Amino acid sequence: MKERSRVEEIIHAMQRAGAGSLHVISDFDMTLTRFAHNGKRVPTTHNILDNRLLINEDCTKKMRELLNTYYPIEIDAGRTAKEKLPLMVEWWTKVHELLIQQRIRKDMLAQAVKESSAMLREGHKVFFDRLAEHQVPLLIFSAGVGDVLEEVIRQNHVFHPNVHIISNYMDFDHTGVLRAFKGQLIHTFNKREGALSHAARLTELQGRPNVLLLGDSLGDLTMADGVSEPENILTIGFLNDQVEERKELYVNSFDIVLVKDETMDVPNGILRYIT
């Protein structure tokens, strides 16, 4: 935390306004899900698709090559978001093209999620359940695959009616085979555009000027840009990787930075106080 007193001030203001004025905006992969467990990386929604039920070995190999090329660019503290942007579009587009070629079947997604080592953070149930209990909208904004994301939260029994998802959704043909991805591509660094175009449609968010924002990338900070007339925004950043190289940048950008923390303890503590 860079400015403790400011953070306390925001939390007190949110508590005074109550749950009726609050909504939560969160990234999904490596924010609501764990980054690692027992020293092993936890799969993202794209990685969950790396299952022989869905894709062949050649596709896996090509997706790994793309990850090894572009992920270091995504987390490179020496490059600006503007420099990264076209490269992220390139990465996501190539991955989506590979997935479309595999003719993925819709009816196999649930099984692929079940067989994966996908894990939500410790304390996720308390987080989702408290928001649902107090009817606080949770807007999950993900550059991952929406169909897989939904299945992960469904299998964890936390897909409550207050949850809204903006993500990259698959478009299946009438036989249930993947033929394209719907709508505008969402990647790590264009969430602002998505936030602006979707926020107006979500009437549940109107009259809720206080925002708790959770993310693991600096690109996630723009997810609240679509909020009309915000009063208090509290940002929490999960710093999972390349800690020393990025710590200063994160501390200067997020109100609270959680370093290699695989739990929802801090967001849960804040929500308990506010609601």
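The following paragraphs examine the structure supplied in this document. (Residues numbered from 1 in each chain as written. Predicted model: local features only at pLDDT ≥ 70, side-chain atom pairs only at ≥ 80, totals over all residues. Heavy atoms only, no water.)

Some points on the nonpolar core
The biggest cluster of nonpolar side chains holds 83 residues, and the ones touching the most others in it are Phe-127, Phe-128, Ile-140 and Ile-153. The residues touching Ile-153, leaving out its near neighbours within four places in the chain, are Phe-28, Leu-120, Phe-128, Ile-140, Val-158, Phe-159, Val-163 and Ile-165. (Core = buried A, V, L, I, M, F, W, Y, C linked by side-chain atoms within 4.5 Å. Buried < 20%, exposed > 50% of the residue type's maximum accessible area, 1.4 Å probe, protein only. Contact = heavy atoms within 4.5 Å.)

Points about the pattern of salt bridges
For the structure shown, the criterion picks out 14 salt bridges. Between Asp-58 and Lys-62 there is a salt bridge; the shortest N-O distance is 3.0 Å. In this pair, Asp-58 and Lys-62 are both assigned in helix H3 (residues 57-74), 4 residues apart and thus about one turn of the helix distant. Classification of Lys-62 by relative accessible area gives partly exposed; the value is 35%. Counted as one network, the salt bridges with shared partners bring together Asp-50, Arg-52 and Arg-64. (Salt bridge = Lys/Arg side-chain N within 4 Å of Asp/Glu carboxyl O. Helix = DSSP H or I, 4+ residues; strand = E, 2+ residues; numbered from the N terminus.)

Comments concerning the pairing of strand E4 (residues 138-145)
With 8 of 8 residues buried, E4 lies mostly within the body of the structure. In terms of strand pairing, strand E1 (residues 22-26) meets E4 through 3 bridges, oriented parallel. Of the residues in E4, the one forming a bridge with Ser-26 is Ile-140. At this point the chain moves from E4, through helix H7 (residues 146-155), to the parallel strand E5 (residues 163-168), and the crossover so formed is right-handed. (Pairing = 2+ DSSP bridges. Right-handed = clockwise from strand over helix to strand, strands pointing away.)

Comments concerning the sheet that holds strand E8 (residues 210-215)
Spatially, 6 strands are ordered E5-E4-E1-E8-E9-E10 in an open sheet, and the strand pairing comes out parallel. Since the sheet does not close on itself, it has two edges, and those belong to E5 and strand E10 (256-259), each with one partner. Going across the sheet, the axis of each strand differs from the next one's by a mean of 15°, ignoring polarity. Bridge count between E8 and strand E9 (residues 232-239): 6 bridges; the pairing is parallel. Paired with Val-211 across the strands is Ile-233, a residue of E9. Sheet contacts for helix H1 (residues 4-17): E1, E8, E9 and E10; angle to E9, the most-contacted strand, approximately 125°. (Axes fitted to C-alpha atoms, helices over the stretch in contact; angles between N-to-C directions.)

Thoughts on the environment of Glu-229
In this structure, Glu-229 sits in the loop between E8 and E9. For Glu-229, a relative accessible area of 70% corresponds to the exposed category. C-alpha of Glu-229 to C-alpha of Val-251: the two residues are 22 residues apart in sequence and 25 Å apart in space.

Quick notes on helix H10 (residues 265-274)
Of all the residues in H10, the buried ones are Pro-267, Asn-268, Ile-270, Leu-271 and Ile-274. Burial along H10 is one-sided: seen end-on, the buried residues are contained in an arc of 165°. Its buried side turned inward, H10 meets H1, E1, helix H6 (124-133), E8, E9 and E10. (Arc of directions from axis to C-beta.)

It is worth stressing that arrangement in space is one thing and function is another; only the former is reported here.
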